[in-house]
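Examining the three-dimensional arrangement
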Amino acid sequence: MKKIILLFSLITLVGCSQFSSRKDQSQNIVFQNSIPQGKYGFTIVSLNYPQNYNEKILFFKQLNSNLEDLNDIQINGLNILVSNEMNQDFVSILNTGWFDKEIIGMKVVEDLTREDIDYLNTLAITTPENAGNLQKLLNRQYYLLLQLTDSENMYNSEYLYTELDKSILMETVLLNRKSLIENLSRIKKNFIYFATDERPNVPLYSPTTDLNLNKFSSNPVIFEKSSTESGFKVFSNNLILYVGNGKKLNSTEDYELTAKIVTPISLDELKDISRNSMGVSKILKWKRKEWQKNITDETLEKKFSTWEGN
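Here goes a summary of the coordinates provided.

Calculation rules
In this numbering scheme, every chain counts its residues from 1 along its sequence in written order. Local features in this predicted model are restricted to residues whose pLDDT is 70 or higher, and side-chain atom pairs enter the listing and the counts only when it is 80 or higher, whereas totals over whole chains, interfaces and linings include all residues. The side-chain quantities take in all heavy atoms of the structure and omit both hydrogens and water. Here an angle of 0 to 180 degrees is reported between the N-to-C directions of two axes, which are lines fitted to C-alpha atoms, with helices fitted over the stretch in contact. A helix here means a DSSP run of H or I that spans at least four residues, while a strand means a run of E at least two residues long, and both kinds are numbered starting from the N terminus. Small angles under 35 degrees read as roughly parallel and large ones over 145 as roughly antiparallel, with 65 to 115 read as roughly perpendicular and the rest as oblique. Crossing chirality is assigned from the near helix's rotation relative to the far helix, an anticlockwise turn below a right angle marking it left-handed and a clockwise turn marking it right-handed. By the convention used here, residues are in contact when the closest approach between their heavy atoms is within 4.5 Å. Classification convention: Asp, Glu, Lys, Arg as charged; Ala, Val, Leu, Ile, Met, Phe, Trp, Tyr, Cys, Pro as nonpolar; all other residues, Gly among them, as polar. Here's how the labels work: a residue is buried when its accessible area is under 20% of the maximum for its type, exposed when over 50%, partly exposed in between, all with a 1.4 Å probe on protein chains only. Here the rule is simple: two strands pair whenever DSSP picks up at least two bridges between them. Ring pairs are drawn from Phe, Tyr and Trp, using the six-membered ring of Trp, whenever the two centres fall within 6.5 Å, and their geometry is named by plane angle: stacked under 30 degrees, edge-to-face over 60, tilted for the rest. Comment: the charge-over-ring label is applied if NZ (Lys) or CZ (Arg) is within 6 Å of the ring centre and within 35 degrees of the ring normal. To form a nonpolar core, buried Ala, Val, Leu, Ile, Met, Phe, Trp, Tyr and Cys residues must be joined to one another through side-chain atoms within 4.5 Å.

Between helix α2 (residues 53-68) and helix α8 (residues 163-187), the least distance of the axes is 9 Å, while the angle of their chain directions is 65°. Between α2 and α8, the crossing angle belongs to the class labelled roughly perpendicular. The two elements α2 and α8 meet at a crossing, and its hand is left-handed. Between α2 and α8, the contacting residues are Ile 57, Phe 60, Leu 63, Asn 64, Leu 67 and Glu 68 on the first element and Arg 177, Ser 179, Leu 180, Asn 183, Leu 184, Arg 186 and Ile 187 on the second.

Before going further, it helps to examine unusual backbone geometry. Positive phi values are uncommon outside glycine, yet Asp 100 reaches one of about 50°. Mapped onto the fold, Asp 100 is located in the loop between α4 (84-96) and α5 (102-106). Not every positive phi belongs to a glycine, and Asn 201 is a case in point at roughly 65°. Inspection of the secondary structure assignment puts Asn 201 in the loop between β4 (191-194) and β5 (204-206).

So, on to the packing of α2 against α4. Put simply, α2 and α4 touch, their axes get as near as 13 Å, and they point 70° apart. One finds that α2 runs roughly perpendicular with respect to α4. Considering how the two elements wind past one another, α2 and α4 form a crossing that is right-handed. Of the residues in α4, those in contact with Lys 56, Phe 60 and Leu 63 of α2 are Glu 85, Asp 89, Phe 90 and Ile 93. Its residues assigned to classes, the contact of α2 with α4 comprises four nonpolar, no polar and three charged.

The next point concerns the environment of Gln 32. Mapped onto the elements, Gln 32 comes out in the loop between β1 (29-31) and β2 (38-46). C-alpha of Gln 32 to C-alpha of Ile 283: the two residues are 251 residues apart in sequence and 8.0 Å apart in space.

With that out of the way, let us pick up the pairing of strand β8 (residues 239-243). For β8, the tally of buried residues reaches five of five residues, placing the bulk of the element in the interior. Covered by surrounding structure in β8 are Leu 239, Leu 241 and Val 243 together with Ile 240 and Tyr 242, the residues of both alternating faces. Relative to β8, strand β6 (residues 221-225) runs parallel, the two being bridged by five bridges. Residue pairing across strands places Glu 224 opposite Tyr 242, the latter belonging to β8. Two elements, strand β7 (residues 229-234) and β8, share four bridges in a ladder whose sense is antiparallel. Considered in β8, the bridge of Phe 232 is made with Leu 241. Once β7 ends, the chain turns through four residues before running back antiparallel as β8.

Considering all chains together, one arrives at 15 aromatic pairs under this definition. A ring pair is formed by Tyr 53 and Phe 99, whose centres lie 5.9 Å apart and whose planes are at 35°; its orientation type is tilted. On the criterion of sequence distance, the pair formed by Tyr 53 in helix α2 and Phe 99 in the loop between α4 and α5 is long-range, its members being 46 residues apart. The exposure class of Phe 99 is buried, given its relative accessible area of 0%. One aromatic cluster is present, formed by Tyr 49, Tyr 53, Phe 59, Phe 60, Phe 90, Phe 99, Phe 191 and Tyr 193 through successive ring pairs. We note Lys 101 situated over the ring of Tyr 119; from NZ or CZ to the ring centre the distance is 5.0 Å.

A separate point is the nonpolar core. If you look at the biggest cluster of nonpolar residues, it comprises 56 residues, and the most contacted ones within it are Phe 60 and Leu 63. With seven residues, helix α7 (residues 133-147) is the single largest residue contributor to this core. In this structure, Phe 60 is in contact with Tyr 49, Asp 89, Phe 90, Ile 93, Phe 99 and Leu 180, ignoring residues within four places of it in sequence.

The next subject is the pairing of β4. Sheet faces and side chains relate simply in a regular strand, where the side chains alternate between the two faces. Where strand β3 (residues 79-82) lies against β4, three bridges are found, and the strand directions are parallel. Within β4, the residue paired with Ile 80 across the bridge is Phe 191. Direction of pairing for β4 relative to β5: parallel, over a ladder of two bridges. Across the sheet, Tyr 193 pairs through a bridge with Leu 204, a residue of β5.

Quick look at the structure:
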């Protein structure tokens with residue numbers, strides 16, 4: 001009877017040990033860039049991106065000024081939540097140096113569309129009285145480009161501006177925008193996109209908990225808003241980080257990853273926000289840690305006999 005009890009106890013202990021090990025290891029992860037074990041927080045910055053063109057100009061000037069004040073460590077920890085419209089403008093600036101309505105100023109006046117003309121006519125400026133319609137539009141284009149450098153006061157309502165004048169001004173604008181392009185290039189690796197469209201191989205943010213993971217199987221990291229959970233879980237193709245103040249913390253023996261989202265009152269807060277945050281680009285390349293059984297040459301019978309003998 002003693003042997004039976006001891007054998008049953010040994011099997012139970014071994015079985016529980018293996019089950020516990022499998023459970024603990026099931027969501028353990030390995031990062032390609034060998035992030036040391038520990039606790040890491042991810043702060044997502046949700047910027048108030050304006051809709052109005054003139055307000056966008058001010059936004060980019062302020063954003064660039066604040067990015068200039070960040071060192072490389074702070075830049076690397078800055079996670080920006082990018083809306084579809086913001087992404088369109090960012091991509092346009094990075095690829096061409098231009099965005100939104102200012103593209104109207106680049107066009108040859110004869111190529112302006114009806115929509116372009118309607119927008120130019122909304123600019124509250126005076127044009128030469130004796131000028132033709134094309135000349136008046138060209139003057140309005142020039143004024144539009146002056147807005148980009150805070151040089152509206154240089155506009156002369158009696159002057160007949162030319163395409164050459166406009167080209168020279170465009171070169172000046174692009175030179176002034178070089179700093180913005182460089183700074184956007186520095187932070188784009190930590191852009192996080194809304195999970196509204198299929199955008200492969202980038203980190204996503206979902207404001208809901210009913211996200212279809214099969215649809216986003218190519219997105220390695222997904223931030224999901226949650227009121228009940230915090231920490232992270234590992235699924236087949238996705239590493240899910242819960243955003244919010246959930247009470248249930250999911251972590252492993254090796255890592256504790258937490259996430260929160262903030263909407264700064266002003267862009268001046270970027271420095272403080274990024275100081276204690278890790279950039280999402282650090283964890284984009286991960287894989288599950290392989291679970292392995294403990295291999296031993298000692299048989300169960302031998303363990304039992306040794307235990308009984310003691």
